Amino acid sequence: MAKQQKSGHLVLVMFPFQGHITPMLQLATILHSKGYTITIVHPELNSPTPSNHPEFTFISIPDKLTESEVLDGDAANLMLSLNKNCAIPLQQCMKKILHQKDSHDHIIHITAIIYDTLMFCSQTIADDLRLPGINVRTSSAATLLLYALFPHLDGKDSTLENEIPELQSLQLQHIRALLSQNPTDAMLEVRNAFTEGVRSSSAVIVNTMDFLEQAALSKIKEHFPAPIFTIGPLHKLAPTICSSLLIEDAKCISWLNKQAPKSVIYVSFGSLASIGEQELIETAWGLANSKQPFLWVIRPGLVRGSEWIESLPNGFQEGVGERGFIVKWAPQKEVLAHAAVGGFWSHCGWNSTIESICEGVPILCKPFFGDQNLNSNYICNVWKVGLQLQNKLERGNIEAAIKRLIVDIEGEEIRKKAMDFKKKASLCLQEGGSSCCSFNELTRHISSV
Ligand code: UDX
């Protein structure tokens, strides 16, 4: 028997990767605090831990993914398989919920289905069941816009620059990298389905802040009929939730406590990116030669062909001694908020980007794939709160870039700008701030649908 609260019952559909699970659980937590009953439907892959969130009902649906689909790194194929395999189980699951009764023997209503943009099959199911579908973009608004504009882009890159002045300062090569010059059929199918989902949804929630993406947001409003709610940064609204798929190593906080203010370079490439052995070696020497203290997340699987840190160069750890700390997974939000952290060398995943911005930590950008290239360009060329690690991973470049970001006078402007952005981000969440107002409008919208 399900509980039914007075604000309504929301079913959230999750896309099963760390960078998506976390913001979805944060959103669920915030909505629950406003009185909504929350059911979370998730594929079997990377299942969240229900005991960490006793206030929600979790329902796992079969995803029938094969090991090779999960491991071969073709994101578009994986998304297609997930949506294809989950569509029927998701529909059955919704129907089952709709036939349940609450403790007063009343039929359970679903107020809305709130789904990750990448679980686009949810919108069709919402339409079939005549339920409102609310789309959640866990990445930037600009990516949403670029995918929506993509059909108009073919061979006419100048259209893009004219349409979004903010993008003029970005390098078109990076926009092309995001959109991919020669998209596969699977990529095009995903983009179409994804954009269609957004187009037919009753509302779109974006984990961003108005001041970061004003131009892209106003352009989006021309392309999508649904109201857009910019309620980020979600992690500041639901700071305490536990959503890591890997165990966070809290020992790094005691180590950070012993470091000088703003001296540490924190290095993490998120949950999916990988590097080769030689890149690991160059990174290690770059960090060692920078002479700055460093906290380095080496996730199992980060180095292709290695279990963990066995390919670090001989003598590296002894050489850096107490000046370096390596973990498999860090409590990243706590790390970025720590006074000792002076810079974040990041892959520029969207969550890492906004977590860093919220703490005023300047970013050294080394994007790997997808939206990371675009985020990195915003960081360096539009917001100017970071700098790009030029060329390939090479110890000399790394050493120079770290010094520039954290200590050299050349990095002063970037460090100042990063602190300015921290203030702006915190204003968004205060009474009357853009995200606070947008969240209130979202709850009014949910009541009205
Ligand atoms: C993926 C894509 O790579 C990214 O481009 C897209 O924007 C979102 O989906 P991921 O690579 O995991 O995400 O990066 P990111 O979006 O930065 O999310 C990583 C999350 O893991 C962050 O919330 C971060 O705080 C957390 N994290 C990371 C930790 O808690 N500990 C760590 O050691 C590293």
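Keep in mind that what you see is a predicted model, and the values were worked out from it rather than measured.

1. Some details on the site of the ligand
Lining the immediate environment of the ligand, one finds 24 residues, of which G19, G270, Q332, G349 and S352 sit closest. At the level of secondary structure, the elements contributing two or more residues to the shell around the ligand comprise α1 (18-33), α14 (332-336), α15 (350-359) and α16 (371-382). Of the residues assigned to the shell around the ligand, the class counts are six nonpolar, 15 polar and three charged. Structurally, the shell around the ligand is a two-domain feature, drawing no fewer than three residues from each of domain 1 (8-242 + 430-448) and domain 2 (251-407).

2. Re the sheet that holds strand β13 (residues 386-388)
With respect to topology, six strands assemble into an open sheet ordered β10-β9-β8-β11-β12-β13, the strand pairing being parallel. Each end of this open sheet is capped by a strand with a single partner; those strands are β10 (324-327) and β13. Going across the sheet, the axis of each strand differs from the next one's by a mean of 15 degrees, ignoring polarity. Two strands pair when backbone bridges link them, and strand β12 (residues 363-365) and β13 are joined in this way by three bridges, in the parallel orientation. The residue of β13 that forms the bridge with I363 is G386.

3. Here we look at the packing of α15 against helix α18 (residues 412-429)
At a minimum axis distance of 6 Å, the contact between α15 and α18 shows a crossing angle of 100 degrees. Here α15 lies roughly perpendicular to α18, going by the angle between them. In contact with I357, C358 and E359 of α15, α18 contributes F421, K422 and A425. Broken down by class, the residue content of the contact of α15 with α18 amounts to four nonpolar, no polar and two charged.

4. Brief notes about the domain arrangement of the protein chain
Per the domain assignment, the segments making up the protein chain are domain 1 (8-242 + 430-448) and domain 2 (251-407). Taking only C-alpha atoms into account, the centre of domain 1 sits 28 Å from that of domain 2. Contact with domain 1, which involves 23 residues of that partner, is made by 20 residues of domain 2. A per-class count over the side of domain 1 that touches domain 2 returns nine nonpolar, 12 polar and two charged.

5. Notes on helix α19 (residues 434-448)
Taking 1.5 Å of rise per residue, 15 residues should cover 21 Å, and α19 covers 21 Å from first to last C-alpha, within 8% of that figure. Along α19, the residues classified as buried are S434, S435, S438, F439, L442 and I446. Summarising the axial view, the buried residues of α19 lie within an arc of 130 degrees, below the 170-degree limit, and thus occupy one face. Of the exposed residues in α19, those oriented more than 90 degrees away from the buried face are R444, S447 and S448. Buried residues along α19 sit in contact with β1 (8-13), β4 (112-116), β6 (203-206), β7 (228-230) and α18.

6. Quick look at the nonpolar core
L12, V13, I205, Y266, L295 and L364 are the most contacted members of the largest nonpolar core, which totals 117 residues. Here this core gets seven residues from one element, more than from any other, and that element is helix α3 (residues 75-99). Taken domain by domain, this core gets at least three of its residues from each of domain 1 (8-242 + 430-448) and domain 2 (251-407). With residues near it in sequence (within four places) discarded, L364 still touches G343, F344, W345, G386, L387, L389, A401, I402 and L405.

7. Description of the pairing of strand β9 (residues 294-297)
Regular strands show a simple pattern: their side chains alternate between the two faces of the sheet. Residue alternation in β9 divides its side chains into two sets, F294 and W296 and L295 and V297, and both sets are buried. In this structure, strand β8 (residues 264-268) lies alongside β9, joined through three bridges in parallel fashion. Bridge pairing links I265 to F294 in β9. You can see the chain leave β8, run along helix α12 (residues 277-290) and come back into β9, and the turn it takes is right-handed. Sheet topology places β9 next to β10; four bridges connect them, and they run parallel.

8. Some details on the sheet that holds β1
If you walk across this open sheet you meet the seven strands as β3-β2-β1-β4-β5-β6-β7, and the pairing is parallel. Sheet topology places β3 (57-61) and β7 at the edges, where each strand pairs with a single neighbour. Here the average twist between neighbouring strands, direction ignored, is 20 degrees. As defined by bridge partners, β1 adjoins β4 across four bridges and the pair is classed as parallel. Within β4, the position partnered with L12 by the bridge is I114.

9. Thoughts on the environment of K221
Structurally, K221 is set in helix α9 (residues 214-223). On the basis of neighbour counts, which here come to 13 C-beta atoms within 10 Å, the residue K221 falls in the partly exposed class. Here the alpha-carbon distance between K221 and L145, two residues 76 residues apart in the chain, equals 9.4 Å.

Rules behind the numbers
Residues numbered from 1 in each chain as written. Predicted model: local features only at pLDDT ≥ 70, side-chain atom pairs only at ≥ 80, totals over all residues. Near = placed C-beta within 6 Å. Helix = DSSP H or I, 4+ residues; strand = E, 2+ residues; numbered from the N terminus. Nonpolar A, V, L, I, M, F, W, Y, C, P; charged D, E, K, R; others polar. Domains from an automatic or database assignment. Pairing = 2+ DSSP bridges. Axes fitted to C-alpha atoms, helices over the stretch in contact; angles between N-to-C directions. Parallel < 35°, antiparallel > 145°, perpendicular 65-115°, else oblique. Contact = placed C-beta atoms within 7 Å. Expected span 1.5 Å × (residues − 1). Buried ≥ 20, exposed ≤ 12 C-beta atoms within 10 Å, placed from the backbone. Arc of directions from axis to C-beta. Core = buried A, V, L, I, M, F, W, Y, C linked by C-beta atoms within 7 Å. Right-handed = clockwise from strand over helix to strand, strands pointing away.

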